[in-house]
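A structural walkthrough
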Amino acid sequence: MSDATHQEGGADAARPISYTLSVNEINYPVTTSPGSALLAVLRNDIGLTGTKEGCDDCECGACMVLVDGQPVNSCSYLAAQAQGRAVSTVEGLADSSDLHPLQQLLLDAGGVQCGFCTPGMLMSARALLDRNPNPSDDEIRIGLSGNLCRCTGYDSIVAAVRQAADQLDSSTGS
Amino acid sequence: MPTEPFQIAGSIEDALSAMATGARPVAGGTDLVVGARQGKSPLPSNLVAVDRIVELSTIEQNAEGVIVGAGVTHATLMTDPLITSGYTALADAAALVGSPATRNVGTLGGNVMNGSPAMDTGAPLIVLGAMIDLRSQGGSRRVAPSKLWTGPGSTSASDDELCVAVALPKRSERSGSAYVRLEYRRAMEIAVVGAAASVELNDEGVIEQVAIALTAVAPTIVALEGLTDLVGRRVDEDVLAAVAAIASSQAQPISDLRAGADYRAHTVGVMARRAVDAAARRAAGETIEVPVNRAEGVGRTDRP
Ligand SMILES: Cc1cc2nc3c(=O)[nH]c(=O)nc-3n(C[C@H](O)[C@H](O)[C@H](O)COP(=O)(O)OP(=O)(O)OC[C@H]3O[C@@H](n4cnc5c(N)ncnc54)[C@H](O)[C@@H]3O)c2cc1C
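Cut-offs used in this document
Residues numbered from 1 in each chain as written. Chains lettered and ligands numbered in written order. Predicted model: local features only at pLDDT ≥ 70, side-chain atom pairs only at ≥ 80, totals over all residues. Heavy atoms only, no water. Contact = heavy atoms within 4.5 Å. Buried area = accessible area lost by both parts, 1.4 Å probe. Salt bridge = Lys/Arg side-chain N within 4 Å of Asp/Glu carboxyl O. Polar contact = N/O pair within 3.5 Å; in protein donor to acceptor, adjacent residues only side chain to side chain. Helix = DSSP H or I, 4+ residues; strand = E, 2+ residues; numbered from the N terminus. Nonpolar A, V, L, I, M, F, W, Y, C, P; charged D, E, K, R; others polar. Pairing = 2+ DSSP bridges. Axes fitted to C-alpha atoms, helices over the stretch in contact; angles between N-to-C directions. Domains from an automatic or database assignment. Near = heavy atom within 4 Å. Areas by Shrake-Rupley, 256 points an atom, 1.4 Å probe, with all protein chains shown as cover. Buried < 20%, exposed > 50% of the residue type's maximum accessible area, 1.4 Å probe, protein only. 1 Å grid on protein atoms, 1.4 Å probe; cavity = no way out; pocket = protein on both sides within 12 Å on 5 of 7 lines; lining within 4 Å. Points joined across faces, edges and corners; volume = space filled by probe spheres on them.

Contact residues are listed per partner, giving 32 residues for chain B and 37 residues for chain A. Both sides of the chain B and chain A interface together cover about 2800 Å² of buried area, and 54% of this is carbon and sulfur. Applying the counting criterion to the chain B and chain A interface returns three salt bridges. Between Arg37 of chain B and Asp56 of chain A there is a salt bridge, with its nearest N and O atoms 3.0 Å apart. Our count for the chain B to chain A interface comes out at nine residue pairs in polar contact (both at pLDDT 80 or more). A per-element tally of the side of chain B that touches chain A places helix 6 (residues 100–105) of chain B first, with five residues. Looking at side-chain class alone, the side of chain B that touches chain A contains 18 nonpolar, nine polar and five charged residues.

Here the focus is the sheet that holds strand 3 (residues 47–49) of chain B. Residues and elements named next belong to chain B. An order of 1-3-2 is seen for the three strands of this open sheet, with the pairing classed as parallel. If you trace the sheet from one side to the other, it starts and ends with strand 1 (6–8) and strand 2 (24–26), each paired once. Averaged over all adjacent pairs, the angle separating strand axes in this sheet is 30 degrees, with direction ignored. With three bridges joining them, strand 2 and strand 3 adopt parallel strand pairing. The residue of strand 3 that forms the bridge with Arg24 is Leu47.

Below, the discussion takes up the domain arrangement of chain B. All names here are of chain B. The assigned domain composition of chain B is domain 1 (6–169) and domain 2 (175–289). Taking only C-alpha atoms into account, the centre of domain 1 sits 24 Å from that of domain 2. The partner domain 2 presents 24 residues to the 24 residues of domain 1 that form the contact. Of the roughly 1700 Å² buried between domain 1 and domain 2 on both sides combined, carbon and sulfur atoms contribute 64%. When the buried surface of domain 1 facing domain 2 is broken down by residue, Leu96, Pro117 and Val127 rank first, second and third, together holding 31% of it. For the pair domain 1 and domain 2, the interface holds two salt bridges. Here domain 1 is connected to domain 2 by nine residue pairs in polar contact (both at pLDDT 80 or more).

Residues and elements named next belong to chain A. By the element assignment, Glu91 lies in the loop between strand 5 (86–88) and helix 2 (101–108). The contacts of Glu91, once residues within four sequence positions are left out, are Asn24, Leu48, Thr49, Gly50 and Thr51. Within polar-contact distance, the side chain of Glu91 engages the backbone nitrogen of Thr49 at 3.4 Å. Looking at Glu91, its side chain comes within polar contact range of the main-chain nitrogen of Gly50, at 2.7 Å.

Next up on the list: the site of the ligand. Neighbouring the ligand are 32 residues; Pro25, Thr30, Asp31, Thr107 and Asp120 of chain B lie closest to it. The local environment of the ligand is shared, drawing residues from chains A and B. Note that an oxygen atom of the ligand is positioned 2.6 Å from one of the side-chain N or O atoms of Thr107 of chain B. Separating a nitrogen atom of the ligand from a side-chain N or O atom of Asp120 of chain B is a distance of 2.6 Å. Relative to its unbound accessible area of 990 Å², the ligand is 92% covered by the protein chains. Those elements giving two or more residues to the shell around the ligand turn out to be strand 2, helix 2 (32–37), helix 6, helix 7 (108–114) and strand 10 (162–169) of chain B. Sort the elements by how many residues they give to the shell around the ligand and helix 7 of chain B lands first, with four residues. Tallied by class, the residues present in the shell around the ligand amount to 15 nonpolar, eleven polar and six charged. Shared between two domains, the shell around the ligand holds at least three residues of each, these being domain 1 (6–169) and domain 2 (175–289) of chain B.

Take the pattern of salt bridges next. Summed over all chains, the structure comprises 20 salt bridges over all chains. Note that Arg126 of chain A and Asp130 of chain A form a salt bridge whose closest N and O atoms lie 3.3 Å from each other. Placement of the pair is Arg126 of chain A and Asp130 of chain A together in helix 3 (residues 118–131), with a separation of four residues, close to one helical turn. Of the charged contacts, one joins Arg181 of chain B and Asp120 of chain B as a salt bridge, the two residues approaching to 2.6 Å between their closest N and O atoms. Of this pair, Arg181 of chain B sits in strand 11 (residues 175–182) while Asp120 of chain B is found in the loop between helix 7 and helix 8 (122–127), placing the two residues 61 residues apart along the sequence. Given the relative accessible area of 2%, Arg181 of chain B is considered buried. Look at the salt bridges and you will find they share partners, linking Asp120, Arg181, Glu183 and Arg294 of chain B into a network.

Another point: the layout of surface pockets. Here the second largest pocket is characterised by a volume of approximately 1000 Å³. Together, 34 residues line the second largest pocket, and Arg141, Ile142, Gly143 and Ser145 of chain A together with Arg103 of chain B are the ones closest to its centre. The element contributing the most residues to the lining of the second largest pocket is helix 4 (residues 137–143) of chain A, with five residues. For the lining of the second largest pocket, the per-class residue count stands at 16 nonpolar, nine polar and nine charged.

Shown next as structure tokens:
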């Protein structure tokens, strides 16, 4: 596991700090070491395990969340730096009864196989569509370039994002 | 020692007072936190987050040129009109960094102060004549990048100095710049080698000034010497071949996992000729989209 290489000491050993994190519009008071990564706090302290730990090294994108609407590798982003900002995770995508169009279309297109990259992929796609509601295939590939998938070969994922863009675009009437 | 292990600075003064008592700055954390997670070095025991300081996140034009705040992210650099129009090499470099997530939090100040020989903004900053503004409670100073970077991952800045801005001198109308790197994939990559060029042409399209700097072929980013023979000539095959030869001969690369020294020395010449070609074409008014790495036919003199 990554903890074998993770150096102890420094901010990781410093005395804990307390602060509030806003995740999917809910405030969570947390007490963590100042060096704790946002991913660890989301999963272990808050209990939101939808966000995945892949490489724990900023390479794979399985840990992607949004901070103030922008994608961030939560494995290597200090949780304390997220205080006062809006964190969004995959748990906040669906509303209580329905999957978000990105989730449904990804399922329909066969863009989910083992599923481990899916939460991160969804968050990058969400940030892309919020910023650019009508991206080209090239722009979709750039938007997802920090997310690795070892199953699908990406084409089905790009297709699903394309379809979600069309669907969201027509549903907002623009 | 500072009393708080983690502080969020609201102003430059806040950051300087935390740093004066031993806190280390963290901006995007994409070098600092990632390095700690990879086991390179533990996180400093006292941190001051500098990513909310509004004064560090602006890009402003004045009579001498453009001042880029140290907290400006790569995502902003690659799209800001002042940078893409006048300092295009810097936009080329920022657009290549990591992924959207890396560019979204990673900053110019972090890239500069991390001092990696493979940093992508370094060669552009050198050819653009940038100066680095450092500040501590003791005062301010402006230092040339070549004096700041002293070795792989080391700088001449003292621990209490905050990088506040990068000053880019005014450019002439007929100048252009470009940055090109060799990469094995299109994202989440580190430069195998890279080259930046700045070219100024006169009204006849003849070179008036040229500067070239290289990435990942020495312990720090290096500026090429011996380019004066190129002044007064047109950018043709002979000039580009001379650029490639000069770059390859002044490179002193190492062999590692990513490439052998001979391969690096050869390919950095190819990157240098592409950078000079793209910079000259931009100087002549041609639009080559950011980043140059994605453009076709750059560096070829046999193009139609
Ligand atoms: C997946 C990935 C891909 C990457 N790809 C590239 C790439 O293609 N090209 C490239 O060049 N880099 C790349 N990087 C490295 C990194 O993203 C950049 O160097 C980035 O610009 C660092 O900025 P930061 O704000 O995250 O710095 P931080 O990690 O916050 O800080 C880096 C260092 O600078 C110091 N520091 C930060 N701000 C200041 C300041 N204002 N004054 C004084 N000291 C300061 C910190 O104390 C620390 O020592 C990559 C990193 C990752 C994780």
